[in-house]
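Spelled out from the first residue to the last, the chains are:
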Amino acid sequence: MSLPSLDQVTVVVVTHHSAHCLGGLNALLQHCPHVIISDNASNDGTPEQAHALWPHAHVLTHPLNLGFGAANNRALARVTTPFAFLLNPDCEITPEALLALMDQAQQMPEAALLAPQLVGARGQAEVNYRWPHTLWTSLGPAADGPACVGFVCGAAMLFRMELFASVGFFDERFFLYYEDDDLCLRLFKARLPMLLVPAIQALHRSRGSVKGASPWKSEYVRGYHHAQSKLIFEQKHGTPAQALIQRRRLLWSTGLALPLRALLFSPKRLCRMWGRFMGLMRWTPHAAH
């Protein structure tokens, strides 16, 4: 078995007002011969800075914000290497760690997806993996060795490209949030293993990818799309009736929480809650695919 090489992997990064994150990505991307930056209409110079930092990278500049899944799909359609490594702008991983993840992939050729352990800025392990919550609740201690799981967070994922032919990539109905839940559940149902490797770590500065001129608007957008995607997922993997019941429950709980957020005057949380409420109000069942 040959040693893994960075020539075998394309690193894909979806950006949106993410210029402040590019310096942290440089430790990895300067060593990777295959890089695709898929930029969702940034107005902070992200595409230009990416070109300057990594002249070898292919920078896709979308005139509109396509959403996380759609922007990843545009990049994945251009991948010609055996592996693709999807990395959020707010994640950092060393070349050595990526090579170690690819070595694990070689040792388990049936695995479609592999992921490192995400850790926060203070080194604390994040819960970035579990079993599908549609089937049962994960219990027990954290993994202390490589483990097959039913879901990993989309912030850092290694794809074995050939095994995605039967399931496809991201469902573009999910603009933001739940696109990784949906993809992992489809892999799980197709009996394509997903492997979490806790000894390999990636730093995750959660919610640090976007730093636009309107942080309150960003929080509103987060809340809006989280609510919409939750209901899209509920209908897709459940029934329209279940999605409508979930919507009513969430409308009640969110409506009751909004006055409290206003009294506590936490602008970011208030904007996120208001976005959630509007996302629930404006959601309509979609046609089945």
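Bear in mind that the values here come from a model prediction, so they are computed numbers and not experimental data.

Conventions adopted
Residues numbered from 1 in each chain as written. Predicted model: local features only at pLDDT ≥ 70, side-chain atom pairs only at ≥ 80, totals over all residues. Heavy atoms only, no water. Axes fitted to C-alpha atoms, helices over the stretch in contact; angles between N-to-C directions. Helix = DSSP H or I, 4+ residues; strand = E, 2+ residues; numbered from the N terminus. Parallel < 35°, antiparallel > 145°, perpendicular 65-115°, else oblique. Left-handed = near helix turned anticlockwise from the far one by under 90°. Contact = heavy atoms within 4.5 Å. Nonpolar A, V, L, I, M, F, W, Y, C, P; charged D, E, K, R; others polar. Patch = residues over 30% accessible without salt bridge, like charges linked within 9 Å, V, L, I, M, F, W, Y side chains within 5 Å. Areas by Shrake-Rupley, 256 points an atom, 1.4 Å probe, with all protein chains shown as cover. Salt bridge = Lys/Arg side-chain N within 4 Å of Asp/Glu carboxyl O. Buried < 20%, exposed > 50% of the residue type's maximum accessible area, 1.4 Å probe, protein only. Pairing = 2+ DSSP bridges. Expected span 1.5 Å × (residues − 1). Phe/Tyr/Trp six-rings, centres within 6.5 Å; stacked < 30°, edge-to-face > 60°. Lys NZ or Arg CZ within 6 Å of the ring centre and 35° of its normal.

Novice: What's the story with the packing of helix α5 (residues 179–189) against helix α6 (residues 215–237) in this structure? I'm lost.
Specialist: Between two packed helices, what matters for the description is the angle formed by their axes and the separation of those axes. One can describe the packing of α5 onto α6 by two numbers: an axis separation of 11 Å at closest approach and a directional angle of 20°. As judged from the angle between their axes, α5 and α6 are roughly parallel. Every pair of crossing elements has a handedness; the one defined by α5 and α6 is right-handed. Contact residues: D181, D182, L185, R186 and K189 in α5; F233, K236 and H237 in α6. Residue composition of the contact of α5 with α6, grouped by class: two nonpolar, one polar and five charged.

Novice: Can you walk me through a nonpolar patch on the surface in this structure?
Specialist: Taken together, the side chains of W131, L135 and W136 make up a nonpolar region of the molecular surface, amounting to roughly 310 Å² of accessible area. Along the chain, the position of L135 falls in the loop between β7 (129–130) and β8 (147–149). According to the relative accessible area criterion, L135 is partly exposed, its value standing at 47%.

Novice: Can you walk me through the side chain of T10 in this structure?
Specialist: Secondary-structure assignment places T10 in strand β1 (residues 9–15). Not counting the four nearest positions on each side in its chain, T10 is found in contact with H34, V35, I36, V79, T81, F83, A84 and F85.

Novice: What should I look at first to understand the pattern of salt bridges in this one?
Specialist: Side-chain pairs of opposite charge can arise where the charged atoms are in close proximity. Scanning the entire structure with this criterion turns up nine salt bridges. With its nearest N and O atoms 3.2 Å apart, the salt bridge here joins E92 to R205. You can see E92 sitting in strand β5 (residues 91–92) and its partner R205 sitting in the loop between β11 (194–204) and α6, a full 113 residues away along the chain. According to the relative accessible area criterion, E92 is partly exposed, its value standing at 27%. Residue class for R205 comes out partly exposed when judged on its relative accessible area of 41%.

Novice: I keep staring at the pairing of strand β4 (residues 83–87) and nothing clicks. Help me out?
Specialist: If a strand is regular, its side chains alternate between the two faces of the sheet. Counting buried positions along β4 yields five of five residues, so the element is predominantly enclosed. Both faces of β4 are covered, namely the face carrying F83, F85 and L87 and the face carrying A84 and L86. By the bridge criterion, five bridges tie β4 to strand β10 (residues 156–160) in an arrangement that is antiparallel. By the bridge assignment, F85 is partnered in β10 with L158.

Novice: What exactly am I supposed to notice about α6 here?
Specialist: Since the α-helix turns once every 3.6 residues, residues separated by three or four places project in the same direction. Compared with an ideal rise of 1.5 Å per residue, which puts 23 residues at 33 Å, α6 spans 33 Å between its outermost C-alpha atoms and is within 8% of the ideal. Those residues of α6 that fall on the buried side of the exposure criterion are E219, R222, G223, Y224, H225, A227, Q228, S229, L231, I232, F233 and Q235.

Novice: Could you clarify how one ought to interpret the packing of aromatic side chains in this entry?
Specialist: Between two aromatic rings, the relevant description is the distance of the centres plus the angle of the planes. Tallied over the entire structure, the rule returns eleven aromatic pairs. Their ring planes at 25° and their centres at 6.2 Å tell us that Y220 and Y224 sit as a pair that is stacked. A residue pair is termed a helical-turn pair when its members lie 3 or 4 positions apart in one helix, as Y220 and Y224 do in helix α6 at four residues. A network of ring pairs unites the aromatic residues F68, F159, F164, F169 and F170 as a single cluster. Over the aromatic face of F151 sits the side chain of R130, whose NZ or CZ is 4.0 Å from the ring centroid.

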